[in-house]
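Summary of structural features
If you want the building blocks of each chain, they are given just below.
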Amino acid sequence: MLGKKNIEIKGARQNNLKNIDVNIPRDKITVITGVSGSGKSSLAFDIVYGEGQRRFLDSLPTFSRSRISQLKKPEVDFVFGLSPVIAIEQKRGLVNPRSTVGTMTDIYDYMRLLYSTVGTAKCPYCGDKYDIKTSGQIVEAVLSLPVGTQIEFLTPAHKLYGEEYSYLFNEIRQKGYNNLIIDGNRVDISEEIEIDEYCDHDIKIVIDRFVIKNDIEKSLTNSLETALEVIGNHVLIAEFISEDISQEVKDKFYSSFGCSKHHITMANIESQYFAFNNMTSSCRTCGGIGTTKKADPRLMIAKHEKSINEGAFDPSVYNCRGEVSGNHILMYNLSQHYNFSLDTPFNQLSDEVKDILFYGTKGEKIIIKAPPNFNKRNYLIGRTVQFRGFVNKTEHWYREATRKDKVNEWVLEWFKKKMVEYTCPDCGGKKLKRQRFDILIGGKDIHELCWMQLTELYDFIDKLTFPEDKKYIAEPIVNEIKKRVSLLIEIGLDYLSLGRRADTISGGEAQRIRLASQISSGLMGMIYILDEPSIGLHARDSKKVINILNHLRDLGNTVIVVEHDMETIENADNIIEIGPGPGIHGGEIVETGTINHIKKSKRSLTGRYLCGKELIEVPKKRRKHNGHNLTILGARENNLKDLNINIPLGVLVCVSGVSGSGKSTLVNEIIYKKLRSLGDPRIIPGEHKDLTGHEHINNIINIDQSPIGKSSRSNPATYIGLFDSIRRLFVSTEEAIEKGYNISNFSFNSKNSGRCEHCKGDGRIVTKLQFMPDVEIICPICKGQRYKKEILDVKYKGKNIYEILDMSIEDAAEFFKDKRSIHHKVDILNQLGLGYLKLGQPSTTLSGGEAQRIKLAAELGKIKSGANNLYILDEPTTGLHISDIQKLLKCLNLFVEKGHSLLVIEHNLEVLKTADHIIDLGPEGGKNGGYVVAQGTPEEVKDVKESVTGEFLKQVL
């Protein structure tokens, strides 16, 4: 029997789908399109992916299912012709700072394997190269020495950043070692050691001492392997104790041991040695993240104009009030010793005094005396102490707390308020312990390779050569790295590097990385479902994604793409348009067929835009700016090439350019963070010389695509501030006044007021089961209406509070037309194309594009004319059909007409052609980007030959 040629869906009723039947051809590319909220994702992800996943899980043994969260059956009669389904969604779930492009793609695992198997070590003292050894090879070399030879093994030790030497000595003692050689002198750390804390000392731990004889092989091996493991750096130094050993024997031994000059070697190196997620390998200061927190003196002072005794310091740092404590005694003695007054305003104290208060006495000790009229006993009085300073003390507490992993919420919040994030001073952002960078391949350490642009990395790996005895190990690993890197380059991510943090890449980039991983798997007969893979791609690079989709199809897979991009739609084998409108007005199959069929269809809105019957008009006249500019000088963050840029205010400015050209760095890392840092010193902007013109901006608002709330209790009505107004209307009704209800009685979050206590105002009860999906039922008490019966009896214009929350935004605009303040906000949501959403729709069910438009509506609802705000938007067209982009542009123009400025990162040509001013970055991504290629009106940009964006603008202007 031949396999089915179609995936047949019968009776799909999920969300707003209206009992639809549809066939999706197998082994083809099918694009599902339609206006925002029409039901595309419901069909692709909830029905096809949901049912495919559910059936796969049902096929597993009971034991396996007990360890996997189960899925609910989607609302569909049946789906025929399914095979294993993989969904590659548009999610920004990668917030773990440890995750990188290298770990997401598994390329970093292969890099670690390559370095641990064929890497060459270099001496940290002289740079000479030698081969990495195994403990067996070292034992063999030692046993070849003449019987009676005395030899000693040592390993280097380094002080932990920010800590005193005593901290290091305690750690060494705990590991069972007592003998050290410090700057050539032997010391026993079981006794107290005097050491200069402010100098770098050459410290070596004495691991063991042996006399060569026939029966020591076992004890020698055990001692070496334990030492290499316990100390954790896998570095070993061998020194002869016997003085009667000839130079010839020494030279022969050291030439086979490691560095012949400094007698050092590295042994037993494994893949985990380079894992920054492994605590034995990661930098001990930052824990393998590459950044750490630093206390900022500015955040410790509450009132500069007050004296220390009047409360200049934040009370959580130094509380001048209350009963005299050790801190008060210490502060009194500091003022006496360094001759300053605790009653002098803080801003009048000398820089030297401030430095002592923040960074300590730097080793100088003070004899502590009792303050005047202090008669009590205190442990400090009479002692000689040094003061570490408030900054150093805070950083010490932070390191201790994070190392022990014992940080409660309050302490964590306090650290956030007093500290700023910066590059780790110990590893310099490299994430690993210093010894890891003494192992090289082709003269480069693993960090250098991870920060090469992918194109450079491919060329470097491709040119590597290995000795004959290591070729058979190295070549399979190198080929796997090359295969995976070349896929990332093909898909348009050539500007990335393996070390790039996953939480700094866009949703579109993350999706394309996962897409490349799927291709490398080489599977066939699969169903792949993708959510707008063109997001974040310049028009030039769309072809790369289309080629990848074709490649997946040609392998023998079915590819289903939820997409609005016109070029992707035109290259599909089959198109399904869902609509005709959003929400309750959608959920029907408008049209299905090839591109030519869609273009000819009278019902298809997408078809009308594709054939040019409908289009977004080019403005007849470009607006002039308000005479003020925001000027960035010397922007050098990431790949930006020392740029000086003027951003005109009072108009719509678009920042364009190919992927990786530096748009997000310029707008988010430099402009937004710099303007925010003027009011919050904890925010560290990207590298630049200066930013001028900020005095012409009253406020800066970043309208991104993050969710409007984390729980199902958050909804559009609560976010834009409607719900309080609606509750006040109910409080003002005769019935509510008669019963003495207040505003909290109409909240579904307030305890013991008006909410249904059985479901805690959620309207549903979720029961978690072990072997089955979580069971979600409508609350049997309130019937899903969230409130007690007596609250639901209160009516406003014939509707209770639940019925209003369950109302669509479109209906609410009509219902509240006589209430100006409510109608104004609801009408903005409606104009933005969100009329299909319910007022009380849980925020967890909203897409990124919907969340962004609700934020826009919230801002539009409170903007004042001439307030001179700067609004920043990053790709606001994400998830929008071209007809919705038209609505978005009307909304953006409202901001400008009210006297505000808009700075938008965008690739969409429909938005770019309507902008007043374009700043085009490029010419390429990564190291070949970061220049201003063109700037001016769209008409001026299209005439610049070097501008890739200009080439595409010619087609739409």
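The structure contained in this document is the topic of the report that follows. (Residues numbered from 1 in each chain as written. Predicted model: local features only at pLDDT ≥ 70, side-chain atom pairs only at ≥ 80, totals over all residues. Heavy atoms only, no water.)

Moving on, we come to the overall build of the chain. When helices and strands are counted, the chain shows 33 helices and 33 strands. Taking the principal axes of the C-alpha coordinates as reference, the chain spans close to 100 × 85 × 65 Å. Taken over 957 residues, the chain has a buried fraction of 52%. In the chain, 70% of the contacts between residues at least 6 apart in sequence involve partners at least 24 apart. As displayed, the chain offers around 44,200 Å² of accessible surface, 48% of which is attributable to carbon and sulfur atoms. Averaging the positions of the 128 positive and the 124 negative side-chain charges in the chain gives two centres separated by 5 Å. (Helix = DSSP H or I, 4+ residues; strand = E, 2+ residues; numbered from the N terminus. Buried < 20%, exposed > 50% of the residue type's maximum accessible area, 1.4 Å probe, protein only. Contact = heavy atoms within 4.5 Å. Areas by Shrake-Rupley, 256 points an atom, 1.4 Å probe, with all protein chains shown as cover. Lys, Arg positive; Asp, Glu negative; His and termini not counted. Charge placed at Lys NZ, Arg CZ, Asp CG, Glu CD.)

Two elements in contact, helix α4 (residues 107-118) and helix α15 (residues 468-490), have axes whose closest approach is 10 Å; the angle formed by their N-to-C orientations is 155°. Relative to α15, the element α4 lies roughly antiparallel. You can see that α4 and α15 cross each other, and the crossing is left-handed. Here Ile 107, Tyr 110, Met 111, Leu 113, Leu 114, Thr 117 and Val 118 of α4 lie close against α15, whose contacting residues are Lys 470, Ile 473, Ala 474, Ile 477, Val 478, Glu 480, Ile 481, Arg 484, Val 485 and Leu 488. Residue composition of the contact of α4 with α15, by class: 13 nonpolar, 1 polar and 3 charged. (Axes fitted to C-alpha atoms, helices over the stretch in contact; angles between N-to-C directions. Parallel < 35°, antiparallel > 145°, perpendicular 65-115°, else oblique. Left-handed = near helix turned anticlockwise from the far one by under 90°. Nonpolar A, V, L, I, M, F, W, Y, C, P; charged D, E, K, R; others polar.)

In total, this model carries 29 aromatic pairs according to the counting rule given. Between the aromatic rings of Trp 397 and Trp 414, the centroid separation amounts to 6.4 Å while the plane-to-plane angle is 50°, which identifies the pairing as tilted. Of this pair, Trp 397 sits in helix α11 (residues 390-404) while Trp 414 is found in helix α12 (residues 409-418), placing the two residues 17 residues apart along the sequence. Its relative accessible area of 43% is what places Trp 397 among the partly exposed residues. An aromatic cluster is present here, built from Phe 313, Tyr 318, Phe 346, Phe 358, Phe 387 and Phe 390 joined pairwise through their rings. Residue placement shows Lys 159 over the ring face of Tyr 165; its charged tip is 4.8 Å from the ring centre. (Phe/Tyr/Trp six-rings, centres within 6.5 Å; stacked < 30°, edge-to-face > 60°. Lys NZ or Arg CZ within 6 Å of the ring centre and 35° of its normal.)

By the element assignment, Gln 852 lies in helix α29 (residues 848-862). Of the residues examined, Gln 852 reaches a relative accessible area of 1% and is grouped as buried. At 3.0 Å, the side chain of Gln 852 and the backbone oxygen of Ile 703 are in polar contact. Here Gln 852 is in contact with Ile 703, Asp 704, Gln 705, Leu 873, Asp 874, Glu 875 and Pro 876, once residues within four sequence places are set aside. (Polar contact = N/O pair within 3.5 Å; in protein donor to acceptor, adjacent residues only side chain to side chain.)

Across the sheet, 3 strands lie side by side as β7-β6-β18; this open sheet has antiparallel pairing. For this open sheet the edge positions go to β7 (129-131) and β18 (439-440), each flanked by a neighbour on one side alone. The pairing of strand β6 (residues 120-122) with β18 spans 2 bridges and is classified as antiparallel. Among the inter-strand pairings, Ala 121 is bridged to a residue of β18, identified as Ile 439. (Pairing = 2+ DSSP bridges.)

Before going further, it helps to examine the pattern of salt bridges. According to the stated counting rule, one finds 46 salt bridges in the structure shown. Here Glu 687 and Arg 636 are joined by a salt bridge, their closest N and O atoms 3.2 Å apart. Placement of Glu 687 in the loop between α21 (663-677) and β26 (690-692) and of Arg 636 in the loop between β23 (629-635) and β24 (643-648) is noted, with a sequence separation of 51 residues between them. Of the residues examined, Glu 687 reaches a relative accessible area of 43% and is grouped as partly exposed. Between Asp 884 and Lys 887 there is a salt bridge, and its shortest N-O distance comes to 3.9 Å. (Salt bridge = Lys/Arg side-chain N within 4 Å of Asp/Glu carboxyl O.)

For the rest of this paragraph, the subject is the sheet that holds β24. Read across the open sheet, the 3 strands follow the order β24-β23-β26; overall the sheet is antiparallel. Where the open sheet ends on each side, the last strands, each with one partner, are β24 and β26. Direction aside, the axes of adjacent strands within the sheet are offset by 10° on average. Strand contacts of α21: β23, β24 and β26, with the helix running at about 115° to β23, the strand carrying the most contacts.

Bringing the nonpolar core into the picture now. Counting 77 residues, the largest nonpolar core has Met 111, Leu 114, Ile 446 and Leu 457 as its most contacted members. Sorting elements by how many residues they give to this core places α15 first, with 7 residues. Look past the residues within four positions of Met 111 in its chain and what remains in contact with it is Ile 446, Leu 449, Leu 457, Ile 481 and Leu 498. Cys 654, Ala 812, Leu 839 and Tyr 871 belong to the second largest nonpolar core, which has 75 residues in total. (Core = buried A, V, L, I, M, F, W, Y, C linked by side-chain atoms within 4.5 Å.)

Right, let's get into the environment of Ile 47. Looking at the secondary structure, you find Ile 47 in helix α1 (residues 40-58). The buried category is assigned to Ile 47, whose relative accessible area is 0%. The spacing of Ile 47 and Ile 9 is 38 residues in sequence and 8.5 Å in space, taken between C-alpha atoms. Those residues in contact with Ile 47, other than ones at most four positions away along the chain, are Ile 9, Ala 12, Gln 14, Leu 17, Ser 42, Pro 74, Glu 75, Val 76 and Val 79.

Turning our attention to the layout of surface pockets. Taken as a whole, the second largest pocket spans an internal volume of roughly 930 Å³. Along its surface, the second largest pocket is lined by 38 residues, and Asp 565, Met 566, Asn 908, Leu 909 and Glu 910 are the ones closest to its centre. For the lining of the second largest pocket, the elements supplying multiple residues, two or more each, are α18 (566-570), α20 (605-610), α30 (882-897), α31 (909-912) and α33 (948-956). Grouping the amino acids of the lining of the second largest pocket by side-chain chemistry returns 15 nonpolar, 13 polar and 10 charged. (1 Å grid on protein atoms, 1.4 Å probe; cavity = no way out; pocket = protein on both sides within 12 Å on 5 of 7 lines; lining within 4 Å. Points joined across faces, edges and corners; volume = space filled by probe spheres on them.)

Among the 8 residues of strand β8 (residues 150-157), 7 are classified as buried, and the element is accordingly described as predominantly covered. Sheet topology places β8 next to strand β11 (residues 203-211); 8 bridges connect them, and they run antiparallel. The residue bridging Pro 156 from the neighbouring strand is Lys 204, located in β11. With 4 bridges connecting them, β8 and strand β12 (residues 235-240) associate as antiparallel partners. Within β12, the residue paired with Ile 151 across the bridge is Phe 240.

On to the environment of Asp 724, then. Secondary-structure assignment places Asp 724 in helix α23 (residues 723-731). Using a relative accessible area of 36% as the deciding quantity, one classes Asp 724 as partly exposed. Between the C-alpha atom of Asp 724 and that of Ile 743, which follows or precedes it by 19 residues, the distance is 7.9 Å.

Compared with the 33 Å implied by 1.5 Å per residue over 23 residues, the 32 Å span of α15 between its first and last C-alpha is a close match. Every buried residue of α15 is listed here: Lys 470, Ala 474, Ile 477, Val 478, Glu 480, Ile 481, Lys 482, Arg 484, Val 485, Leu 487 and Leu 488. A positive phi of about 95° marks Gly 492, the residue just after α15. (Expected span 1.5 Å × (residues − 1).)

Mapped onto the fold, Leu 160 is located in the loop between β8 and α6 (165-174). You can call Leu 160 buried: its relative accessible area is 7%. Residues Leu 160 and Thr 285, 125 residues apart in the sequence, show an inter-C-alpha distance of 7.4 Å. Beyond its immediate sequence surroundings of up to four residues, Leu 160 is in contact with Tyr 167, Arg 284 and Arg 403.

To continue, consider the side chain of Lys 913. Within the secondary structure layout, Lys 913 lies in the loop between α31 and β32 (917-922). When its relative accessible area of 3% is taken as the criterion, Lys 913 is described as buried. One polar contact links Lys 913 to Glu 910, side chain to side chain, over a distance of 2.9 Å. When near neighbours in sequence (up to four residues on either side) are disregarded, Lys 913 contacts Ile 616, Val 618, Pro 619, Arg 622, Pro 938, Leu 953, Val 956 and Leu 957.

The subject of this paragraph is α6. What α6 keeps buried is the set Tyr 165, Leu 168, Phe 169, Glu 171 and Ile 172. Around the axis of α6, the buried residues are gathered within 160° of arc, so they sit on the same side. (Arc of directions from axis to C-beta.)

Two quantities define a packed helix pair, namely the angle between the axes and the distance from one axis to the other. The contact between helix α14 (residues 454-462) and α15 brings their axes to 10 Å, and the two run at 155°. In terms of orientation, α14 and α15 fall into the roughly antiparallel class. Taken as a pair, α14 and α15 cross one another with a handedness that is left-handed. On the side of α14, the interface is formed by Leu 454, Thr 455, Leu 457, Tyr 458, Ile 461 and Asp 462, while α15 contributes Val 478, Lys 482, Val 485, Ser 486, Leu 488 and Ile 489.

What follows deals with unusual backbone geometry. Put simply, Gly 579 and Pro 580 share a cis peptide bond, and its omega is 0°. Tracing the backbone shows Pro 580 in the loop between β21 (574-579) and β22 (588-593). The phi angle at Asp 27 is positive, at roughly 60°, despite the residue not being glycine. By secondary structure assignment, the location of Asp 27 is in the loop between β2 (20-25) and β3 (29-33). Relative accessible area serves as the criterion here: at 40%, Asp 27 is assigned to the partly exposed category. In the Ramachandran plot, Asp 642 falls in the positive-phi region, its phi being about 55° despite a non-glycine side chain. Positionally, Asp 642 belongs in the loop between β23 and β24.

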